[in-house]
Each structure stands twice: as structure tokens, then as C-alpha cells.
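Overview (structure and organization)
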Amino acid sequence: MDTTETKRSAREKRLTLVAIGASAGGLEPLEEFFKAAPDSAGWCFIVIQHLSPDYRSMMDELLARQTRMDILHVEDGMSLQPNTVYLNRPNTLVELDGDILRVRSNADDRPLPQLPIDALFRTLPTRGVENSFAVILSGSGSDGARGAREFHALGGMVLVQSPQEAGFSSMPKAALTFGAEDRVLTVSEMPQAIRLQLSGGERASAEASNKEAAITILELLERQHHVDFSAYKSANVLRRIERRQKLRGIKSITSYLELLQSTPSALDELYQDLLIGVTEFYRDPEAMVVLRQKALDKMVANSNAESSLRIWVPACASGEEAYTIAIELSEALLAAGVERRFRIIATDVHRGSLDMASSGIFPESALASVPQDIRDRYFTRHRGQYVVDPELRQKIVFSVHDALSDPPFMQLDLISCRNLLIYLNEEAQLRVISMFLFGLRKDGFLLLGPSESLGRYSGQFEVVNSRWRLFKNSSDRRVLDRSMLTGNLKVPDRTDLVPSTSWASQRAAESRRQAPVPITRDKDTLVSSYDALLKRYAPSSILLGVDGTVLAWFGLAGNYIDTMNNLAEWTVQDIVHPDLHFTINVGMERFRQGQRDAYERKVVVELPGGDKHEVKARIEPLDMSATPRFLLIGLTRDDPVEAPVSPSFSGIPKEGDDRIFLSRRIQELERDLRLTEETLQNVTERLEASGEELQASNEELQASNEELQASNEELQSSNEELHAVNEELVSVSSEHERQIEMLSELNRDTEVVLDLLRTGVIVLDHDLRIRRFSRLIGQVFELEAHDVQRSLDVVGPRLDFADLAALAREVLKTGKELSRSGEYNGKPLTIRANPVERVEAEGTRRGVAMLFLGDQVFS
């Protein structure tokens, strides 16, 4: 299987994760999404909502109606599992560390309003972007937009609900404003879009047809802006090109190419879009805390009055990261009570971003994450914006610099690069890390992004904090990637290093740029001259490290070196001619045992064409220290050998010393082999014991699984019964609603009849409290709705010819109808009090109904 197929297979085996952010109005789209999502495809879902700590969310019960997947609340340390939906809890932030879920408290004393959707989206790249997806649904605010932008910039796919469909469109619109979307879809279309992306059906044909046009576009960009985008991840570059093409309303990439060739402004738009400036003040606050405690405080503690601390922030974009580090270093100096000189070099390839950073002026929204006390000390508010303190601004130098091709800055105490490597391909990443290692001092610190790694250079660094990728240079070696020695390095124009934006400094820089640049005695010039000297005067030889690493070769020694078949490891066994192996190994073994005199032997070497040469190999230490680090293998070749080869010229000479060394080496190897066999035997026994334990555990788990299956069947049966009961309750509820409507209608009809009869009614309970009264009674005797349940003695009508309360008591006592007649306001009025039976929870109770008859009173 080739490498491409292997990578594709690894991606297919990786668990597919869909991270969903929703807020206000999110219930309906979530139900619609999971109704359309497959529940047995092996996908995993994380749903993040804005939850109130005072309200118990029933989202797990609601989603269980739409999917058969397991639904769990996130706990710290959980591993992602297929066919599972994870829900967040109130007052927590959920993050990812690979396939492990991390939960931290949403502390009240943090400077930011906490954005849980952004927190999750920003950590999605820690598990790779090929099988991870971000989905933004209905919600208010802009949570999720910034995290989606970072995830999208790394090549992750972001799906946004159509704002027209969303109940609250603020979150989808914010994502569109940030340019973080790949597709804008209805919720029901999203699962199918994810399925197509995983199968490759959506991009494969498009990438094949667009490849040639994309290469031409990149060539245009390199000619115009002098930035080689071939070092960037091709998928990301193509996605950015497609995005600008869609924004221009152009259907084909070839038509977009024609536009770029004829319109410089369109090419500049694409250039700025490709240089994704994702940065902010105090980005990842925990990372800043780690940097302060583990690096900046130690840098201050280890410095002295004459020290000058040097920090490099490559790919600084608009400068927020550089200013944040400057603030934290100033705070560290203040806490230590010392004064030290420091300089922060912030670089980028985009001049426009550097101009913004150099101005030191930021809108209020950019400082949302800056603590108030820091804001008060280092910023001044002016006309609705914040200006960086001039003294702090002078500590930072902004410069145009390409970390991929320009030489690194030297003698650095700290490099913070959290906004570059994630966009580069593997080869370019290693080249940049090599540059960092070359520029860092011994014990200097390197801060990378949370999803970045050191690759093959990890052995040169000590891990300080693995979560936030803080490392310390533990090597004295100045390792520079070999590809950087091929003439690709550019000498940067140091006049771009402008600590301020004054007109005078710009004019001075301009005049210096116009002057011819003399050859100076710097490191690069010396290295070039040393290379020329070695090529002309160095003898034919191979330079080795004591560990057998081939460092370099000179002259005709190149005939005995083969790097075509092994590009990864440059050791004697891998790239040096096999006929020289024995002699070189014997020489190295002599030096390991403390012998420092030169070792010389003659060897017959057979070249690929069949020619045989007698070569004299002289092995000696290059430095005469007690523990030499380098060995020089001098090779002197005689004429081709035509006579039969005698035994004395074979690869294994007859000299006794060599045989002694060989015998010792064989004994050591045999001893090591025996130890290895014993170790393997012990390991095998332990593995067999562990296998038996695992077998027993497996049987127990199978039994538990059967019990769980039985419990699951019972729960399913209970669930079906609950569904049936729920349906019955819905039916009863509908019936009750209908009855209420009928009673309301009957009540309205009764009022109409009483109005037509000019009759008023008051109904009393057994305690003479008013239960209800008709509309006419309320109008004539000025009764209000709140008089219900009040005593007739307190709020009842007052009549000269009858005591209504006494009349009602007599009716309750006798159980007979009584009547009274007289005048009210000079108009005749008759009152009839009748006993009525009322059925209550305590039993049948007697009440009174009073009818007020008087056409003139109620007219």
C-alpha cells in the first residue's frame, strides 16, 4: 500500500466528530438535525448550548425522541465514542485534547464573557481536521464565529444554518461575517453534506480539474507579492481561492484566473485572504498564564542588570500577540521588582497588517479579553479607541520578514509562533522549526500553537507544558535544515525594523535602501566563504559524529556516498559504501574505548560499474579533546585493481588488532542479545498473564453486557408504554381543551340570556362568599372581578328594603325560597333567594342563588 492509500485509510478509521453550537431557538433545529443524522454510522456529536445554571435542561430527553444514539453529559477525561451524543453542563467550558474531552469551570472572575462554543471549536484541530466538522445553528450573539474561523482556516469544514431558516439569526450571520463558512444549508441538508465530504465525492473531481488553474494563481501571487504559497497546505489554499471566487460571483476557477490576471485589486484581495491573521489579545488565557509562570518569570529571574531579553513573534499579523507578551513581561519585571532591557521583534510578510500593529491603536472590541487593571495601565482611551502606552510600544520592533526564507534572528530567549505552522505543509514546518532552533539560545523557550508539534526536532527540546506546547531548547547544537543552504535564504532589509512610525525614520530607511549594500563580515558571509574554502582545499574525506551520523563529505569521497536510496537517516550503515563499513566501525570502536591515535587500513572497494579500487582509509578525531565529538575519515584512492584480489585487501583485513576489536564487539553483541532474549521472555510471560486476566475480564464484561441488553430491552418496553401513556395524555388534554372552550361558550351564552331578561344573578357558597356574579350586577352595584371569594357582608349590594346577608342565612337555614321587594334608586326591584346544591370535594354543600328582577334597574 502506498503512502497516499495509508493516509487515506488512517483518516477513514478516525472517529468522525460533529461539534454543534446552538443557543436561542436551537431546540427545533437540533431536533431536525438529529432526525436526519445517521444513528449507526459511527459518528460522534458534541452539542454546546448556552445554559442557565438555575434551570434543569431536558435536552437529553428531547433529543432521545429523535435518535437512538447514546446521550451523555460531558465529564472531564471522557473519551469520544461512536454513535454517541455529548451535551455540556451549565457553567462549564468543554474542550478537546485529541479524542479526550476536557471540562473546566466557567469561573466568574475571568476577564471575558465566556464563549463555550468558541472554546470547543478552537480545540477541534487537536484531533485533526479531516474527520472533524463544526456546525453553527440558531442563536443570539456571535459565539462560535471566532472559533469556527480558526478551525476553517486550518482546513476544517464549517456548516452554517441558513439565516432565513434560523429562529435567531445572529450566530449564523456572525459566522458569515467572519468568513468562517464552507456551506450555508438548511438543517436537514447538513448530515448529507457531511456524508458527502467524508466520501470525498464533493471535492475529488473539483480538485482534479482546478489543480492546474490553482498552480497558475499561486505563481501570479509569488510574482506580485514575493510569497511562496507552495509551502502552505494545498487544501487550505484551494479553499481560500474558491471562497474569493464565490464572493466575486464567478462560477469557474478558470474565469476567476482570468480576472486575477487582468485585475490587480482582485489579486491583492486574494493575497490578503490567504494570509489569515487570526490573533487577539490574551488569546487562550491559560496559555498566557503558563507562559508567564514557566518562561517569562524564569527569564527575568535568570537575567542580570546587563542582560537584554530578546523575543521573536513571527507571523504576528496585527500585533495583539506581541503586545500581550510585552505586557506580561513588563508585569513579570514589576512583580520581581527589577528593571531589565527587552526587545520584542514582531514580524510578518504582510505590510498592511504590520502598519496596523505599528500604529498601536485598537478598537474597544479588540480589548474585550484584556483585564481591566491591565487595560488601565497599558492603554489610553482616545476617541472611542485604545492607544498602546508609548513606553511599551517602543519595546516592540515590527518588521517585514518571511520565516520560510529569511534568516532567523539570533540570540533569542523566547520565540512565540502560534499562528503559522498550522497552515504549512510538513516539510515547511520542519524548515521553520530548524530556523527557530538555530536562533534560540541554550535554554531559550519556544511557544507553539496547541495543535502543533516539533516533528523530528523534538529531541532537541525539553517539554515544559505539553498542553499549551511550551518547550525549552535543551541542545547546544545549531541545527539548520539542509534545504536552507541551497540559496533560498534572503537577507532581510533591516531598515524595515522600525520601532516607531515617525516620518524622519521612514525617510532615513528609504535613503539607506537606495544605497548599495556592501559585503559585511556577518555570519552568513563567513559560512559562504568557509564553504568555498572547503570545496577547493579539503581532502577527500567523510565527516562523522561519534554516534555514526554522517555530517558532511568532501572531494572524491562523494563517490562512496549514496543518498538517493535513503533520505531519512544519514548514518554509516545507510549511505556509506558497504565495503567501508567494517573499517569505519572498527575505527569508531577504538575511539569509544579511549584510543586517540589515528587508525589506518587499506580496503578494496567495488564501484557500481565493476571497477575495483584500493582505498586507504585513515580515521582520526577532528578535535583533540578528552571526548571528541567528530571523526574525519580520510580516503585516498589508488588505480583500479586488475589482478585478483588478495585476502589482505578484502573488506576484513588480517591485522590482529582488528580481530581483537572484532572479537570484543561480537562478545558485547552476544551479551546484549542474551539480555534481550531474557527480557523478551519476561515480557512474554507478563503478556500471557495479562492476556489471561483480560480474558477473564472480557467474560465478565460479556456477562455484564448481556445484563445491560436485558435492561435495555426492559427500558425500551417501558419507553413504549410511556409513549402510549403520553399519547393518551395528549388525547385527554385535547378533550379538556375542547370542554373548556364549550364551557366558555356556554358562559357567554348565559350572560347574553340574562342581559335579555334584564335579570342579575349572585351565587354564594355556604359561608356567604361570592362565587360569581353576572355582568349586570357588576355594572349596577359596582362589583369587580377581585370581589369574588369575598363575603357578602363586606362587598355585597346595600338595599334599604332588605338585608341580603340575613336573607341568605335564612334560606340556608330553612332550605326554602324567599323573596323581598322594594325600590332601588326609585325603581322597583324584586330579589328571590333560592337554595342550591353544590358538589365539592368534601361532599355536597348548600349555597344560595339570588336573582335580581327589575327591568328599569337593569335597563
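Residues numbered from 1 in each chain as written. Predicted model: local features only at pLDDT ≥ 70, side-chain atom pairs only at ≥ 80, totals over all residues. Heavy atoms only, no water.

**Here's the deal with the nonpolar core**
Threshold: We define the nonpolar core as a collection of buried residues of types Ala, Val, Leu, Ile, Met, Phe, Trp, Tyr and Cys that are connected through side-chain atoms lying within 4.5 Å of one another. Burial classification: accessible surface area is computed with a 1.4 Å probe over protein chains only, and a residue below 20% of its type maximum counts as buried, one above 50% as exposed, and the rest as partly exposed. Residue contacts are defined here by distance: any two heavy atoms, one from each residue, within 4.5 Å place the two residues in contact.
With 82 residues, the main nonpolar core has Ile-46, Leu-80, Ile-217, Leu-221, Phe-229 and Tyr-232 as its most contacted residues. In contact with Tyr-232, other than residues within four places in its own chain, are Val-237, Leu-275, Leu-404, Leu-420, Tyr-423, Leu-424 and Asn-425.

**A few points about the sheet that holds strand E12 (residues 361-363)**
Selection criterion: DSSP-based pairing: two strands are paired if at least 2 bridges between them are found. Helix and strand labels come from DSSP, where a helix needs a run of H or I of at least four residues and a strand needs a run of E of at least two; each type is numbered from the N terminus. Note on definitions: angles span 0 to 180 degrees between N-to-C directions of axes, and those axes are lines fitted to C-alpha atoms, for helices only across the stretch in contact.
One open sheet accounts for three strands, arranged E12-E14-E13; its pairing is antiparallel. The open sheet has two free edges, formed respectively by E12 and strand E13 (379-382), since each of these has just one partner strand. Averaged over all pairs of adjacent strands, the angle between their axes in this sheet comes to 35°, without regard to strand direction. As paired strands, E13 and strand E14 (residues 385-388) are joined by four bridges and run antiparallel to one another. Each residue of the ladder has a partner; that of Phe-379, found in E14, is Val-388.

**Topic: the sheet that holds strand E7 (residues 132-136)**
Strands pair in a sheet through their backbones, by hydrogen bonds, and they do so in one of two ways: parallel or antiparallel. Strand order in the open sheet made by the seven strands is E3-E4-E2-E1-E7-E8-E9, with parallel pairing throughout. At either end of the open sheet lies a strand with only one pairing partner, and these are strand E3 (70-73) and strand E9 (183-185). Between one strand and the next, the sheet's axes are offset by a mean angle of 20°, whatever the strand orientation. Judged from the five bridges that link them, strand E1 (residues 17-22) and E7 form a sheet pairing that is parallel. By the bridge assignment for E7, Ile-20 is matched with Val-135.

**Some details on the pattern of salt bridges**
Condition: Throughout this description, the term salt bridge denotes a Lys or Arg side-chain nitrogen within 4 Å of a carboxyl oxygen of Asp or Glu.
Going through the model one piece at a time under the given rule, you end up with 31 salt bridges. Glu-328 is the salt-bridge partner of Arg-292, the closest N and O atoms lying 3.3 Å from each other. Taken together, the residues span a long stretch of sequence, with Arg-292 in helix H12 (residues 285-301) and Glu-328 in helix H13 (residues 320-336) at a distance of 36 residues. Since its relative accessible area comes to 18%, Arg-292 is described here as buried. The salt bridge partner of Arg-618 is Glu-600, with a shortest N-O separation of 3.1 Å.

**Comments concerning the pairing of strand E17 (residues 440-448)**
Keep this limit in mind: Throughout, right-handed denotes a crossover for which the path from the first strand over the helix to the second runs clockwise when the strands point away from the viewer.
Here strand E16 (residues 412-417) runs beside E17; their pairing, made up of five bridges, is parallel. Across the sheet, the residue bridging to Ser-416 is Leu-447, located in E17. For the crossover that starts at E16, traverses helix H17 (residues 426-439) and ends in the parallel E17, the hand is right-handed. Taken together, the three bridges between E17 and strand E19 (residues 470-473) define a ladder with antiparallel strand orientation. Opposite Phe-445, over in E19, you have Lys-472 as the bridge partner.

**Some details on a nonpolar patch on the surface**
Stated formally: Nonpolar side chains (Val, Leu, Ile, Met, Phe, Trp, Tyr) within 5 Å and like charges within 9 Å form the patches, drawn only from residues with over 30% relative accessible area and no salt bridge. Computed by Shrake-Rupley with a 1.4 Å probe, the accessible areas treat only the displayed protein chains as cover when residues are assessed.
Taken together, the side chains of Tyr-530, Leu-533 and Tyr-537 present a nonpolar region at the surface, about 380 Å² in accessible area. Note on placement: Leu-533 falls in helix H19 (residues 523-537). Overall, Leu-533 belongs to the partly exposed group, its relative accessible area being 47%.

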